[in-house]
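Observations on chain architecture
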Amino acid sequence: WRIPGFRGTCSGFRCAVDAPSGLPAPEGLPDEAAWANAIDLLKLVDPQKDVVAGKWTFKDGGLCSDETQGARIEMPYRPTDEYDFRVTFSRLSGNDSVIQFLSQYKASFLWVMGGWGNTIFGFQTVGRMGKLDNPSTVKAPRCLENGQKYVCVVQVRRSEVKAFLNGQLISSWKPELDKSGPDARFQLRDHSLLGLGSHYSSTQFYKAEVLEVTGKGTFTRGGPQSAPSHPWRAIFDGKTLNCLLEQ
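Residues numbered from 1 in each chain as written. Predicted model: local features only at pLDDT ≥ 70, side-chain atom pairs only at ≥ 80, totals over all residues. Heavy atoms only, no water.

All right, on to the pattern of salt bridges then. Between side chains of opposite charge, pairing is possible as soon as their charged atoms come close. Inspection of the entire model under this criterion finds 10 salt bridges. With a shortest N-O distance of 2.9 Å, Arg-78 and Asp-190 are connected by a salt bridge. With Arg-78 in strand E8 (residues 77–78) and Asp-190 in the loop between strand E16 (168–173) and strand E17 (195–198), the pair connects residues that are 112 residues apart, well separated along the chain. On the accessibility criterion, Arg-78 (25% relative accessible area) is partly exposed. Glu-145 is the salt-bridge partner of Arg-142, the closest N and O atoms lying 2.9 Å from each other. With relative accessibility at 36%, the residue Arg-142 sits in the partly exposed group. Glu-145 gets classed as partly exposed once you look at its relative accessible area, which sits at 29%. Bridged by salt links that share partners, the residues Glu-32, Arg-86 and Glu-209 form one connected network. (Salt bridge = Lys/Arg side-chain N within 4 Å of Asp/Glu carboxyl O. Helix = DSSP H or I, 4+ residues; strand = E, 2+ residues; numbered from the N terminus. Buried < 20%, exposed > 50% of the residue type's maximum accessible area, 1.4 Å probe, protein only.)

Shown next, in the form of structure tokens:
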């Protein structure tokens, strides 16, 4: 059978996802008007400060990783408990994972696309099981095609986490985050941050955006500046010093 909206095939729960057909996004995904309020994470990234592993550079309108094992970079942003994390990317070379680092309640976990030689999608780690054999795993003959542009949205909620690729639901998971977390090869320095990664696969990330659903996240560097509690006003009128006596 086939997944509507993709040029791919499925057998049982094993799915090959290739490209969207332009069908409307499933119910629950924000429309483009909502994304106008998203935080642009790539504008906050400084490779000199945020790289954990691999070589990351800004070029050709995006942030590009090399083919390092477990290449990863932190976003200087600590999310709220419920949010949508959207990335637009193309895997340029290699045949393995493209990764989104997620966090909830300061616990880190991963969404992996094209793991194990481009054959699985899945969250890691779930119930102490890796991405190959946990309940969120979806197996496919070929998950990603090099050079193809993809849009992935991971929705993190208190009760459930869902991953959509090009508008189609790929996997969901009812999290037990106290039993979750990446293995040592795929950890960020700060487990409370969002991040991006790739594994033996150079990847171009054109966008990385977060849409806050409940509450507000915090920036570890940069981000919108808060307005002063009292508006600024001049204290010298250029004529007298009376205004100073009023302070």
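The topology assignment puts Ser-202 in the loop between E17 and strand E18 (203–214). Residues in contact with Ser-202, not counting those within four places in the same chain, are Cys-64, Ser-65, Asp-66, Glu-67, Ser-90, Arg-91, Leu-92 and Ser-93. (Contact = heavy atoms within 4.5 Å.)

Formed by 40 residues in total, the largest nonpolar core has its most connected members in Leu-41, Phe-89, Trp-111 and Leu-196. Among all residues touching Trp-111, those that are not within four sequence positions of it are Val-98, Ile-99, Gln-100, Leu-102, Phe-121, Gly-122, Phe-123, Cys-152, Val-154, Ala-163, Ile-170 and Ser-171. (Core = buried A, V, L, I, M, F, W, Y, C linked by side-chain atoms within 4.5 Å.)

Another aspect to go through is the confidence of the model for the protein. For the protein, mean pLDDT is 80; residues scoring 70 or higher make up 71% of the total. In the predicted structure, residues 1–23 sits below a pLDDT of 50 and forms 57 contacts with residues beyond four places in sequence or in another chain. Note on residues 127–131: pLDDT under 50 across the span, and 12 contacts to partners over four residues away in sequence or across chains. (pLDDT = per-residue confidence, 0-100.)

Okay, the pairing of E17 next. Alternating positions in E17 separate into two faces, Gly-195 and Gly-197 on one and Leu-196 and Ser-198 on the other, with burial throughout. As judged from the 4 bridges shared by strand E10 (residues 98–104) and E17, these two strands associate in the antiparallel manner. Of the residues in E17, the one forming a bridge with Phe-101 is Gly-195. (Pairing = 2+ DSSP bridges.)

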